[in-house]
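Inside the fold
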Amino acid sequence: MTLSGEVARIGPLQNVVVCLDLNANDACDDGEPTSAATGADGRYSLTYDPSAVPGAASARLIALVKTGDPAAATTAIDSATPGWPPPTPTT
């Protein structure tokens, strides 16, 4: 199964990892289906085998938006304001 879409806040977000949070701990853990970091277009694609991933049907899809140094490869960048990281998300 492949899940795909776009991560956006004001505009598309770059450098964001998306995963199925199988254990509901709001993190992308080892063994959980995870996408590569999004590109400038904010697009992600996550592929997994439903028969090999128990609980996938009821798991939440989460996007890890990391803030910090805009020059760091893991810092999310909003295309609407590329010089600044996006605001810290709230839950």
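Scroll up a little and you will see the structure.
Read on for a plain summary of the structure. Fair warning: this is a prediction, and the values are worked out from it, not measured in the lab. (Residues numbered from 1 in each chain as written. Predicted model: local features only at pLDDT ≥ 70, side-chain atom pairs only at ≥ 80, totals over all residues. Heavy atoms only, no water.)

Moving on, we get to the overall build of the protein. Counting its secondary structure elements, the protein contains zero helices and six strands. When the helices and strands of the protein are listed from N to C terminus, the series reads β-β-β-β-β-β. The buried share of the protein, taken over its 91 residues, is 30%. Intrachain contacts of the protein at a sequence separation of at least 6 include 59% that bridge at least 24 residues. (Helix = DSSP H or I, 4+ residues; strand = E, 2+ residues; numbered from the N terminus. Buried < 20%, exposed > 50% of the residue type's maximum accessible area, 1.4 Å probe, protein only. Contact = heavy atoms within 4.5 Å.)

Examined against the element boundaries, Leu-46 turns out to sit in strand E4 (residues 43–47). Note on Leu-46: relative accessible area 0%, which makes it buried. Sequence spacing of Leu-46 and Ala-36 is ten residues, and the spatial spacing of their C-alpha atoms is 7.9 Å. Ignoring any residue separated from it by four or fewer positions in sequence, one finds Leu-46 in contact with Met-1, Thr-2, Leu-3, Val-18, Cys-19, Leu-20, Pro-33, Thr-34, Ser-35 and Leu-61.

This brings us to the nonpolar core. Among the nonpolar cores identified, the biggest contains twelve residues, and these are Val-7, Leu-13, Val-16, Val-18, Leu-20, Tyr-44, Leu-46, Tyr-48, Val-53, Ala-56, Ala-59 and Ala-76. Those elements that place two or more of their residues in this core are strand E3 (17–21) and E4. Apart from residues no more than four positions distant in its own chain, Tyr-44 is found in contact with Leu-3, Ser-4, Gly-5, Glu-6, Val-7, Val-18, Ser-35, Thr-38 and Leu-61. (Core = buried A, V, L, I, M, F, W, Y, C linked by side-chain atoms within 4.5 Å.)

Tallied over the full model, the rule gives one disulfide. Bridging Cys-19 to Cys-28, the disulfide has an S-S length of 2.2 Å. Judged by the sign of its S-S torsion, about -95°, the cystine formed by Cys-19 and Cys-28 is left-handed. Accessibility expressed as a relative area gives 0% for Cys-19, which makes it buried. The partly exposed category is assigned to Cys-28, whose relative accessible area is 22%. (Disulfide = S-S within 2.5 Å.)

Once that is clear, we can look at unusual backbone geometry. Phi angles above zero are rare outside glycine, and Ala-24 is one such case at about 55°. Turning to its location among the elements, Ala-24 is positioned in the loop between E3 and E4. When its relative accessible area of 57% is taken as the criterion, Ala-24 is described as exposed. Even without being glycine, Asp-26 reaches a positive phi, approximately 60°. Positionally, Asp-26 belongs in the loop between E3 and E4. You can call Asp-26 partly exposed: its relative accessible area is 48%.

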